[in-house]
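Here's the letter readout for the chains.
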Protein chains: 2
Amino acid sequence: MNIDIELIQDSKLNTVDFNNLAFGRIFTDHMLVCDFANGEWKTPKIMPYGPMLFEPSARVFHYGQAVFEGMKAYKDDNDDVFLFRPDENFNRINKSGERLAMPTVPEDVFFEGLKKLLEVDNAWIKKGEGNSLYIRPFIIASEGAISASPAEEYKFIIICSPAQSYYAGEVRVIFAEKYSRSADGGVGFAKAAGNYAAQFYPTSLAHKEGYQQIVWTDASTHEFLEEAGTMNVFFRIGDKLVTAPTSDRILDGVTRKSIVQLAKDFNIDIEVRRVSVTEIKEAAKKGELKEMFGSGTAAVINPIKGFKHQNDTFELPEISDSYASFFKEKLLGIQYNKLEDKHNWRVKL
Amino acid sequence: MNIDIELIQDSKLNTVDFNNLAFGRIFTDHMLVCDFANGEWKTPKIMPYGPMLFEPSARVFHYGQAVFEGMKAYKDDNDDVFLFRPDENFNRINKSGERLAMPTVPEDVFFEGLKKLLEVDNAWIKKGEGNSLYIRPFIIASEGAISASPAEEYKFIIICSPAQSYYAGEVRVIFAEKYSRSADGGVGFAKAAGNYAAQFYPTSLAHKEGYQQIVWTDASTHEFLEEAGTMNVFFRIGDKLVTAPTSDRILDGVTRKSIVQLAKDFNIDIEVRRVSVTEIKEAAKKGELKEMFGSGTAAVINPIKGFKHQNDTFELPEISDSYASFFKEKLLGIQYNKLEDKHNWRVKL
Ligand SMILES: Cc1ncc(COP(=O)(O)O)c(C=O)c1O
Ligand SMILES: Cc1ncc(COP(=O)(O)O)c(C=O)c1O
């Protein structure tokens, strides 16, 4: 496939303090841009990262046609670069896009474009524990027209941001009682931009109460636990791990499905089924709720220390042989080419 | 209030065919732009309409922080310019924005900015029946940072597009059975960009079956009728008019609330209450469903000719003394300064 390449004159690489990276604020020297117009994707371009011109009437600003992905590139001690299950992200961005009536991105544009971009910006991928390059592919409706209908013109863009091991601090959550994230028959399963803005205000209310995140419940009854803002959620009751099934309300997380597989591989008892607020509160009261954790590409696994529902608050016990650490170690081992990868999740570039 | 003004060199006005306007594709010479940064709104600027620079990492592209309004300016035979209940749009854009954790736009920026913009582009407001200037105020998150949290930087923008009397053709609708527009506790009441993209795909399925729009039902049971993509919906059963109450799932339409008031003024029996699919189908079967219509700023009132639910299809009768025409005439009369305006809805600029 043909890719037009315009390289930057002076790399910004030396100006970046890789030991003090705020997540998602620094971008690499280049980006990939591919335009869709007249029913087809044009030749992708790699060009210097920087501001781009958009019509103020671009439909993305008015009607929210925007979907994205989040993935990472990892470098091992031999300077080889790996992706983790990138097919999942490719399939998911197109599944998300279809739900918003957007054109699907061709496989070669996605993979050859990404590969070339990572070649050009290879020096931005730092090796060493916790270091990675966060990759953000996204598709937005760029056509300048404000009638409420799908756009005829889009941009597929990949930008990259160097990331360190992500420590979000101690995380406590609120189980949603009033606000909700998505409806049956809605777009909750899609990585659609609008799903995120919708969570900011309720999450800011949680912050005021001293909680970092919300675990969303089903919108009809608020009785079944679904997922957090950018993480799927697991519960350990006794030695059994439980997580909600995916549905049209829940993002089908790559980390989540990898954990489900690893649990099976390592004979950890796992159930994928509806999880009720009542069950979790009961288990917590009896001391049977040993762990809760979130899973997602950014943080891999994020232990949850406590939760609140209505007027009840719970703290989870300190635990030494936690599933959270176990899975995190396994996943990082596979991602950084340190452990056997029996499902071929790792893809060498 | 201070407004910086940069006027265009050559107006595009003469290049525009005002008898053949596609909705929302042609914009006036100028736009208003006001930046929010460091916790405050800066001096608004009026400048030539045109493409603007955005970081590819601007949060609006990733997390959908974007809300908008739709309003119109009307010119009467004396060349006076009027807005219709603009306070409603001002309050609503801020209500929408708050739900997406965005800063509220100050009253003077909104009104003085809009007034000045309409002065500068006054020649774009054509008089004569059905002509108007469609006004699109919107707020978007412009900060370049891709962590999933509210932006620190925004732009409030107003663009304007000349519009003719809007005739959407014959409209038939499907009552939603599977897909849904919004959840309890969600953002359905907000004019949030993401709500619109979410409707495009189900609506495209309706198009394939020969229906132009979907009337959304509640996501939990699909039994209660709510609103259409960009219109609230009214049902006339016998001589009684019925429309769904507003809620956190439904946009509180200005046209809708004006019709409710006019119905009271003219002693038309109106009920604002839940409307079930069953009730409407029963009424249609008995021949008691005399009319259905949508209401919204763009089309004012859009008669609905028929509907489908499950495998049942219904055609509504031709009707001479329709409520749809009655309310449309009244509303246009007030908007174009031809009828008495006893509620002071008309605002002269
Ligand atoms: C809503 C939501 N849930 C869950 C996840 C976790 O998915 P993944 O493991 O694929 O990163 C994400 C994204 O990262 C998300 O945005
Ligand atoms: C979802 C939705 N419902 C209803 C309406 C009608 O509202 P209004 O009468 O204020 O234009 C609109 C917008 O125009 C809308 O976007």
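Keep in mind it's a predicted model, so treat the numbers as computed, not measured.

A. Representation of the overall build of chain A in the model. When its secondary structure is counted, chain A shows seven helices and 20 strands. For chain A, the C-alpha radius of gyration of 21 Å lies close to 20 Å, the compact-globule estimate for 349 residues. Burial statistics for chain A: of 349 residues in total, 59% are counted as buried. Intrachain contacts of chain A at a sequence separation of at least 6 include 71% that bridge at least 24 residues. Of the roughly 13700 Å² that chain A leaves accessible, carbon and sulfur atoms contribute 45%. Positive and negative side-chain charges of chain A, numbering 42 and 50 respectively, have mean locations separated by a distance of 3 Å.

B. Structural view of helix α4 (residues 193–208) of chain B. Residue and element names in this part refer to chain B. The end-to-end C-alpha separation of α4 is 24 Å, in line with the 22 Å expected for 16 residues at 1.5 Å each. Along α4, the sharpest kink reaches roughly 30°, centred on F200 and followed within four residues by the proline P202. Phi for G210, located one or two positions after α4, is positive at around 90°.

C. A look at the site of ligand 1. Residues and elements named next belong to chain A. Near ligand 1 you find 16 residues, and of these K191, Y196, E227, T255 and T297 are the closest. Here K191 contributes a side-chain N or O atom positioned 3.0 Å from an oxygen atom of ligand 1. At the level of secondary structure, the elements contributing two or more residues to the shell around ligand 1 comprise α5 (254–265) and β17 (289–296). Among the residues forming the shell around ligand 1, the class breakdown is four nonpolar, eight polar and four charged.

D. Structural detail: the domain arrangement of chain A. All names here are of chain A. According to the domain assignment, chain A contains domain 1 (4–163) and domain 2 (172–335). Relative placement of domain 1 and domain 2: their C-alpha centres are 28 Å apart. Contacts between domain 1 and domain 2 engage 18 residues on the former and 20 residues on the latter. Applying the counting rule to domain 1 against domain 2 returns one salt bridge. Put simply, domain 1 and domain 2 have 10 residue pairs in polar contact (both at pLDDT 80 or more) between them. Elements that contribute at least two residues to the side of domain 1 that touches domain 2 include exactly β6 (66–68), β7 (71–75), β8 (81–84) and α2 (86–99).

E. Here's a closer look at the relation of the copies chain A and chain B. Rotating chain A by 180° and translating it 0.0 Å along the rotation axis places it on chain B, where the RMSD comes to 0.0 Å. Expressed as a symmetry operation, the mapping of one chain copy onto the other fits a two-fold axis. The share of interface residues of chain A whose copies in chain B are also at the interface is 100%, consistent with both copies meeting through the same surface.

F. Quick look at the site of ligand 2. Residues and elements named next belong to chain B. Around ligand 2 sit 16 residues, and of these K191, Y196, E227, T255 and T297 come closest. At 3.0 Å from an oxygen atom of ligand 2 is found a side-chain nitrogen or oxygen belonging to K191. Between ligand 2 and E227 there is a distance of 2.4 Å, counted from a nitrogen atom to a side-chain nitrogen or oxygen. Protein chains bury 96% of the 390 Å² of accessible surface belonging to ligand 2 in isolation. The set of elements that each furnish at least two residues to the shell around ligand 2 consists of α5 (254–265) and β17 (289–296). A per-class count over the shell around ligand 2 returns four nonpolar, eight polar and four charged.

G. Up close: the interface of chain A and chain B. Across the boundary between the two partners, chain A contributes 60 residues, which contact 60 residues of chain B. In this structure, E143(A) and R25(B) form a salt bridge, with 3.2 Å as the shortest nitrogen-oxygen distance. Applying the counting rule to chain A against chain B returns 23 residue pairs in polar contact (both at pLDDT 80 or more). At eight residues, the largest contribution of residues to the side of chain A that touches chain B is made by helix α4 (residues 193–208) of chain A. Of the residues contributing to the side of chain A that touches chain B, the split by class is 35 nonpolar, 16 polar and nine charged.

H. Broad picture of the environment of S276(A). All names here are of chain A. Relative to the helices and strands, S276 is located in the loop between β16 (270–272) and α6 (277–285). Its relative accessible area of 14% is what places S276 among the buried residues. In the structure, S276 is positioned 52 residues away from F224 in sequence and 4.4 Å away in space, judged by C-alpha atoms. The residues contacting S276, other than those within four sequence positions of it, are E223, F224 and L225. A polar side-chain atom of S276 sits 3.0 Å from the main-chain amide nitrogen of E279.

I. Quick peek at a negative patch on the surface. Residues and elements named next belong to chain A. Among the surface-exposed residues, D87, E107, D108 and E112 lie close enough to one another that they form a single negatively charged patch. In terms of residue count, the dominant contributor to the negative patch is helix α3 (residues 107–120) (three residues). Along the chain, E112 falls in helix α3.

J. Representation of the pairing of strand β18 (residues 300–309) of chain B within the structure. Residues and elements named next belong to chain B. Along β18, eight of the 10 residues are buried, which leaves the element largely enclosed by surrounding structure. With four bridges connecting them, strand β11 (residues 171–175) and β18 associate as parallel partners. The residue bridging V173 from the neighbouring strand is F307, located in β18. Here β18 runs beside strand β19 (residues 312–315); their pairing, made up of four bridges, is antiparallel.

K. Unusual backbone geometry, seen in detail. Positioned with a positive phi, H222(A) is a non-glycine residue whose angle comes to about 55°. One can find H222(A) in the loop between β12 (213–217) and β13 (225–228). The backbone phi angle of A101(B) is positive, close to 60°, even though this residue is not glycine. Considering the arrangement of structural elements, one finds A101(B) in the loop between α2 (86–99) and α3 (107–120).

Procedures and definitions
Residues numbered from 1 in each chain as written. Chains lettered and ligands numbered in written order. Predicted model: local features only at pLDDT ≥ 70, side-chain atom pairs only at ≥ 80, totals over all residues. Heavy atoms only, no water. Helix = DSSP H or I, 4+ residues; strand = E, 2+ residues; numbered from the N terminus. Rg over C-alpha atoms; globule rule 2.2 N^0.38 Å. Buried < 20%, exposed > 50% of the residue type's maximum accessible area, 1.4 Å probe, protein only. Contact = heavy atoms within 4.5 Å. Areas by Shrake-Rupley, 256 points an atom, 1.4 Å probe, with all protein chains shown as cover. Lys, Arg positive; Asp, Glu negative; His and termini not counted. Charge placed at Lys NZ, Arg CZ, Asp CG, Glu CD. Expected span 1.5 Å × (residues − 1). Bend = angle between axes of the 7 residues up to and from the residue. Near = heavy atom within 4 Å. Polar contact = N/O pair within 3.5 Å; in protein donor to acceptor, adjacent residues only side chain to side chain. Nonpolar A, V, L, I, M, F, W, Y, C, P; charged D, E, K, R; others polar. Domains from an automatic or database assignment. Salt bridge = Lys/Arg side-chain N within 4 Å of Asp/Glu carboxyl O. Least-squares fit on C-alpha atoms with pLDDT ≥ 70 in both. Patch = residues over 30% accessible without salt bridge, like charges linked within 9 Å, V, L, I, M, F, W, Y side chains within 5 Å. Pairing = 2+ DSSP bridges.

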